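An overview of the molecular structure
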Amino acid sequence: MRDANIMQLARQRGFEIREYVRFLDVCTRDHMTCQICHELVDLTLDSATHPMSATLDHLEPIHAMEFVRLAHRTCNDNTRPIWSQTRRN
Ligand SMILES: [Zn+2]
């Protein structure tokens, strides 16, 4: 998927785009470790089907480097977003 398509998709999903986050930059910064359970993340696992595959956990509903962290899909799915815990709907 091209960068422009990724950014358009992110906007459609309601993310504010301040910068383009490169997935591998997040993996490198977070030392290939899930920032929720602190176990290693295997980047070779199929992200569409495997529960231990890599995802980006958004600390704020903003797609920018300082607001995303590496996480296993299952850890991310089982953790309520931090930004939604402090807001009333
Ligand atoms: Zn994890």
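Please refer to the structure higher up on the page.
Cut-offs and rules
Residues numbered from 1 in each chain as written. Predicted model: local features only at pLDDT ≥ 70, side-chain atom pairs only at ≥ 80, totals over all residues. Helix = DSSP H or I, 4+ residues; strand = E, 2+ residues; numbered from the N terminus. Buried ≥ 20, exposed ≤ 12 C-beta atoms within 10 Å, placed from the backbone. Contact = placed C-beta atoms within 7 Å. Pairing = 2+ DSSP bridges. Core = buried A, V, L, I, M, F, W, Y, C linked by C-beta atoms within 7 Å.

The subject of this paragraph is the overall build of the protein chain. Regarding its fold elements, the protein chain presents 4 helices and 4 strands. Walking the protein chain from its N terminus toward its C terminus, one meets helices and strands in the order α-β-α-β-β-β-α-α. The burial tally for the protein chain puts 16% of its 89 residues in the buried class. Put simply, of all contacts in the protein chain between residues at least 6 apart along the chain, 47% involve residues at least 24 apart.

Of all 5 residues in strand 4 (residues 68–72), 4 are buried, a share of seventy percent or more. Sheet analysis places strand 2 (residues 54–58) next to strand 4, joined by 5 bridges and oriented antiparallel. Bridged to Ala 54 within strand 4 is His 72.

By size, the foremost hydrophobic cluster in this structure holds 6 residues: Cys 34, Val 41, Ala 54, Leu 70, Ala 71 and Cys 75. Ignoring anything within four residues of it in the chain, the contact list for Ala 71 reads Cys 34, Gln 35, Ile 36, Thr 55, Asp 57 and Asn 76.

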